[in-house]
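One-letter residues, chain by chain:
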Amino acid sequence: MAKVTRDDVARLAGTSTAVVSYVINNGPRPVAPATRERVLAAIKELGYRPDRVAQAMASRRTDLIGMIVPDARQPFFAEMAHAVEQAAAERGKMVLVGNSDYLDEREVHYLRAFLGMRVSGLILVSQGPSEHAAAEIEAWDARLVLLHRRPEALDDVAVVTDDVGGAQLATRHLLEHGHPYVACLGGTEGTPVVGDPVTDHVEGWRRAMQEAGISTEGRLFQAPYNRYDAYQVALSLLAGPDRPPALVCATDDQAIGVLRAARELRIDVPGELAVAGFDDVKEAGLTDPPLTTVASDRPAMARAAVDLVLDDALRVAGSRRERLRQFPARLVVRRSCGCGS
């Protein structure tokens, strides 16, 4: 049986092959609804399947978006990647995901691999200062949108949450419960200073404490972002003589590790220790007690990132502020803070 071609579709639909291409590719030119319906009906009747490889060779672009995250095993990054995948599907694109494992060389490896595949664009949840990544992106003149964090070395379009404001909300809320102070579980010693969400979470905590006239000295503790290492840090912190009355964590994963440590040490949460996290991963509502946290609008952020990476009109250079899409954060109150106990 002869292979069905675009010419066959055009002939049956009574239109040109160019119009068939516009329908298949959803552009670049608009097609009248009635004509679109004829083309789609012809495609269905003939069983036509576009040759994506040939299309990619002709346009030098594929229907793929490359996305690089630090660690897709962490719930926040897994949920963000899923949101991007859904947003891309709405635009007729597929997403390839690579894990940098918080290593600069792995990030560059995936950048080169995805760019070599002629992806339509890149969405990067960068893991660090990324000087090498910046050089790679500049060399390829790649379409890039930064998501979740904005490293100083990469001055490109970014989609982020109001991380400082969100941490302020959580800290103020814990203080409103009457605690004399709130300690903070931040990042590790190597956490970047500029553009990192965890750094901004710590800054939000500092501001809320300063607003209340409370010292932060000796009340910031370092821990990796994942629950397993945070659990080990929390075991030591909570078993010590200076156990804090309340703790705001830079990530929900850290907070989940803290809750596990508190349970093992028979410390009542929230009676003896109030806890708040940041990210509102799905698991936060299932912890014991359910975790008070700060949420971002991940679906809206994902759609914004996909739209920005695909639409040239939205990527017109402007000031740094104009190139930053910041979404508000909101407090999600559950029982770990003392509410509803």
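From a predicted model like this one, the values you see are computed outputs, not experimental measurements.

**Notes on helix α6 (residues 104-116)**
The terminal C-alpha atoms of α6 lie 18 Å apart, and with 13 residues this matches the ideal 18 Å at 1.5 Å per residue to within 8%. Following α6 by one or two positions, arginine 118 adopts a phi angle in the positive range, close to 60 degrees.

**A closer look at the environment of glycine 98**
Looking at the element boundaries, glycine 98 is found in strand β2 (residues 94-99). With relative accessibility at 0%, the residue glycine 98 sits in the buried group. When the C-alpha positions of glycine 98 and proline 70 are compared, they lie 8.3 Å apart, and in sequence the two are 28 residues distant. When neighbours within four sequence positions are excluded, glycine 98 is seen to be in contact with Met67, Ile68, Val69, Tyr110 and Phe114.

**A short note on empty space enclosed by the protein**
Within this structure, the stated rule accounts for one cavity of 30 Å³ or more. Considering only enclosed or pocket space, the largest cavity measures out at about 30 Å³ in volume. Around the largest cavity, the lining residues are Ala167, Thr171, Cys184, His201, Trp205, Val248, Cys249, Ala250 and Phe278. Of all the secondary structure elements, the ones that give two or more residues to the lining of the largest cavity are α8 (163-176), α9 (197-211) and β8 (246-249).

**Thoughts on the packing of helix α1 (residues 6-13) against helix α3 (residues 33-46)**
Across the interface, α1 lies against α3 with an axial gap of 9 Å and an inter-helix angle of 125 degrees. Comparing the axis directions of α1 and α3 gives the class oblique. In this structure, α1 meets α3 at a crossing whose hand is right-handed. Seen from α1, the contacting residues are Asp8, Val9, Leu12 and Ala13; seen from α3, they are Arg38, Val39, Ala42, Ile43, Glu45 and Leu46. Of the residues assigned to the contact of α1 with α3, the class counts are seven nonpolar, no polar and three charged.

**Thoughts on the sheet that holds β8**
Pairing is parallel across the open sheet formed by four strands, whose spatial order is β7-β6-β8-β9. Strand pairing shows two members of the sheet lacking a second neighbour, β7 (220-222) and β9 (274-276), which therefore form its edges. Sheet twist, expressed as the average angle between the axes of neighbouring strands with direction ignored, equals 20 degrees. Two strands pair when backbone bridges link them, and strand β6 (residues 183-186) and β7 are joined in this way by three bridges, in the parallel orientation.

**Remarks on the confidence of the model for the protein chain**
Looking at the protein chain, the pLDDT average stands at 87 and 86% of residues meet or exceed 70. Within the model, the stretch residues 316-321 combines pLDDT values under 50 with five contacts to residues more than four positions away or in other chains.

**Side note on the pattern of salt bridges**
Enumeration over the complete set of coordinates arrives at 15 salt bridges. Between aspartate 253 and arginine 227 there is a salt bridge whose closest N-O contact spans 2.7 Å. On the criterion of sequence distance, the pair formed by aspartate 253 in helix α11 (residues 252-264) and arginine 227 in helix α10 (residues 227-239) is long-range, its members being 26 residues apart. Among the residues examined, arginine 227 registers a relative accessible area of 16% and is labelled buried. What emerges from the salt-bridge pattern is a single network uniting Arg91, Asp307 and Asp311.

**Considerations on the side chain of arginine 298**
Considering the arrangement of structural elements, one finds arginine 298 in helix α12 (residues 298-310). Taking relative accessible area as the criterion, arginine 298 reaches 8% and is therefore assigned buried. For arginine 298, the residues in contact, after removing those within four places along its chain, are Phe76, Glu79, Met80, Ala83, Asp279, Asp280 and Val281.

Rules and cut-offs
- Residues numbered from 1 in each chain as written.
- Predicted model: local features only at pLDDT ≥ 70, side-chain atom pairs only at ≥ 80, totals over all residues.
- Heavy atoms only, no water.
- Helix = DSSP H or I, 4+ residues; strand = E, 2+ residues; numbered from the N terminus.
- Expected span 1.5 Å × (residues − 1).
- Buried < 20%, exposed > 50% of the residue type's maximum accessible area, 1.4 Å probe, protein only.
- Contact = heavy atoms within 4.5 Å.
- 1 Å grid on protein atoms, 1.4 Å probe; cavity = no way out; pocket = protein on both sides within 12 Å on 5 of 7 lines; lining within 4 Å.
- Points joined across faces, edges and corners; volume = space filled by probe spheres on them.
- Axes fitted to C-alpha atoms, helices over the stretch in contact; angles between N-to-C directions.
- Parallel < 35°, antiparallel > 145°, perpendicular 65-115°, else oblique.
- Left-handed = near helix turned anticlockwise from the far one by under 90°.
- Nonpolar A, V, L, I, M, F, W, Y, C, P; charged D, E, K, R; others polar.
- Pairing = 2+ DSSP bridges.
- pLDDT = per-residue confidence, 0-100.
- Salt bridge = Lys/Arg side-chain N within 4 Å of Asp/Glu carboxyl O.

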